[in-house]
Amino acid sequence: MVINPSKNHLIRNPLNQKWTRMRNAFFRYTRLIALTLVSCVLPILSAQQSNITSSKPSGVDGVWLGTLTAGAASLRVQINVKSDATGHESCTLDSLDQRAMGLECANIQFATPNFLFDVPAVKGHWEGKLSEDGKSLNGNWSQGSALVLNFTRQQAAIAVTPIAYDSVIAPVSAGEMQAVLDKDLAGALKSGQLAPATGGGVTIGVVQHGVRRVFSYGAVKPNSIFEIGSITKTFTGLILAQMVEQHRVSLDDPVRTLLPQGTVAKPDGTEITLVDLATQHSGLPRMPSNFNPKDVKNPYADYTPADLYAFLAKQGVGKPAKTEFLYSNLGFGLLGQALAVHASLSYKALLKQQVISPLGLRDTTISLSAEQQARFAQGHGANHQPANAWDLGSLEGAGAIRSTADDMLTYLEANLHPDTVKVAPQTGPASTLGAALNLQHELRADVGDGAKIGFAWLWDPELKSYWHNGGTGGFSSYVFFSSECDCAGVVLFNTGPNGFMDKLGKHIQQRFMGLHALSLFD
């Protein structure tokens, strides 16, 4: 993930060693957040400041660390604040997980407890308040839309090392992958993300030329069940494709017409359609403005259809004249809800009818049976503390599914070979599944820098693969499939997004293709 200040949108592009490219390594909401890892070394730079540090630091002077969560990803953000002898404040901002360091702040204002600053290089703005105890800064980061970004005071700044790579080896087959990863993950298992003290565990599934392997490391098992987060969006996209092939909806149907009558008024101009939602080009924000969770440990659980409809009634469903890619949990939650209402089913029942039953998936569900609950992995936050499971309320279509690596391989094989997909007999939707998969894969809109999107699936032009990732409070996941190597893979991690899962998912693709592979322990 990098930012292009001139175009003001995210682009999937390697970073080089120039400051002008380093400035581009932060976050922007008109493109998907943290979908890939950069593939060149980024030097550690810090802004040169000539100010003499004040002998009496202000209340915001020091090092602060926060986490920005958007879509399926979390990024650590660090700010370094100091005041000079005249009381003038200065600061720099670091995006640690993207190795983007020393972004200069401007327009800094501090009048206890209010603090704000701009980051001109990425056209960003942070504004919030210093807590009474002086240990936290609580506020929002704005860059076209707003996300919560709170900071906690740190004793020292976190240093960032260059991105490392493992040695190139010959292309690895599915049958050989576990032996290779045993070596590649040795450091992570000893003292990294999968060390015993973290409680972390990962289950990996790979398939190539019909050869399947599922194996685990750490505190999970091959048949463990995980939350797959935003990978759910690809299932919602397939439901849409199924219903199109069954002539139950059309791609250009306004979403308004699928909702209960009177939910939202017809706009004067162009309105949001089903295909707009499926390709993340609806213009809707990432989250609804009336999203105010009662329980931050299970934040979506109490967001009801009534809440969703109230937001839509206020927001409207008019489509902006010009829309760019904007990753929206709201958009896919709305798509899932609209399709379910139109089918007179719950999203869970529609998912089973259109995808789960035709493919014979045994452990892919939203609600777990008692036997499945016993296999449900304990989730952990990015800080490795135990985390609650998430329920998605009326936004189930954006991220509610739980599954196993084995089921996900069946799903990925169907995507890899739509024309020969094996389906369960005597199920009506099975007859349209192959055509629906092909429809879903059609690349319909730009994401940026050559990347494109079908119905939820993202296309990586470098690795020539379709992929998506996912994240909840206690889990993260990554899937891909590519006809280039006739291969697919799934990574399921019982820890909330912290960059490791995306790195591992890309590492496996690189091993399949005999490319430089991102190091899994740095």
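Quick caveat, the model's predicted, so the values are computed rather than measured.

J.: An account of the side chain of Gln 208 is requested, with residue identities and associated values reported.
T.: Summarising the element assignment, Gln 208 is placed in strand E14 (residues 201–208). Of the residues examined, Gln 208 reaches a relative accessible area of 12% and is grouped as buried. Leave out the neighbours within four places in its chain, and Gln 208 touches Val 172, Ser 173, Ala 174, Cys 485, Asp 486, Cys 487 and Phe 512.

J.: Go over the nonpolar core, please, and point to the residues and values.
T.: Buried together is how nonpolar side chains tend to be arranged in soluble globular proteins. Core analysis: the biggest nonpolar cluster contains 81 residues, and Phe 235, Leu 240, Leu 312, Leu 339 and Leu 351 have the highest contact counts within it. Looking at this core, the element that brings in the most residues is helix H7 (residues 329–343), giving eight residues. With near-sequence residues (within four places) excluded, Leu 351 lies in contact with Phe 235, Ile 239, Ile 356, Ile 366 and Ile 401. Core analysis: the next-biggest nonpolar cluster, separate from the first, contains 33 residues, Met 177, Val 206, Phe 325 and Phe 493 among them.

J.: Talk me through the packing of aromatic side chains; I want residue IDs and the actual numbers.
T.: Evaluation of the coordinates by the stated rule reveals 19 aromatic pairs. Centre to centre, the rings of Phe 226 and Phe 475 are 6.2 Å apart; their planes meet at 85 degrees, and the pair counts as edge-to-face. Linking Phe 226 in strand E16 (residues 226–227) with Phe 475 in the loop between strand E23 (465–471) and strand E24 (476–482), this pair joins segments that are 249 residues apart in sequence. Across the pair, Phe 475 and Phe 226 agree in class, each one buried. An angle of 10 degrees between the planes, with centres 3.9 Å apart, marks the rings of Phe 235 and Tyr 411 as stacked. One end of the pair, Phe 235, is in helix H4 (residues 232–245); the other, Tyr 411, is in helix H11 (residues 405–416), with 176 residues separating them in the sequence. The pair Phe 235 / Tyr 411 is uniform in exposure class, with both members buried.

J.: Could you give an account of the pattern of salt bridges, with specific residues and numbers?
T.: Summed over all chains, the structure comprises 13 salt bridges. Residues Asp 166 and Arg 511 are paired through a salt bridge, measuring 3.9 Å at the closest nitrogen-oxygen approach. Of this pair, Asp 166 sits in strand E13 (residues 165–166) while Arg 511 is found in helix H13 (residues 500–513), placing the two residues 345 residues apart along the sequence. Among the salt bridges present, the one from Asp 391 reaches Arg 402, with a minimum N-O distance of 3.6 Å. A residue pair is termed long-range when its members are at least 10 positions apart, and Asp 391 in the loop between strand E18 (386–387) and helix H10 (396–399) and Arg 402 in strand E19 (residues 402–403) qualify at 11 residues. Within this structure, Arg 212, Arg 362, Asp 406 and Glu 413 form a network of salt bridges that share partners.

Parameters at a glance
- Note on numbering: residues in each chain are counted from 1, in written sequence order.
- Whole-chain, interface and lining totals are the exception, using all residues; otherwise, since this is a predicted model, local features are given only for residues with pLDDT of at least 70 and side-chain atom pairs are given and counted only at 80 or more.
- Excluding hydrogens and water, the side-chain values take into account all heavy atoms of the structure.
- Strands here are runs of E lasting at least two residues and helices are runs of H or I lasting at least four, both read from the DSSP assignment and numbered beginning at the N terminus.
- In this scheme, a residue with accessible area under 20% of its type's maximum is buried, one over 50% is exposed, and one in between is partly exposed, where area comes from a 1.4 Å probe on protein chains only.
- Contact criterion: two residues are considered in contact whenever any of their non-hydrogen atoms come within 4.5 Å of each other.
- The nonpolar core is taken to be a set of buried Ala, Val, Leu, Ile, Met, Phe, Trp, Tyr and Cys residues, with the residues joined through side-chain atoms within 4.5 Å.
- Within 6.5 Å between ring centres, the rings of Phe, Tyr and Trp (the latter by its six-membered ring) count as paired, and their orientation is classed by plane angle as stacked under 30 degrees, edge-to-face over 60, tilted in between.
- Any carboxyl oxygen of Asp or Glu within 4 Å of a side-chain nitrogen of Lys or Arg constitutes a salt bridge here.

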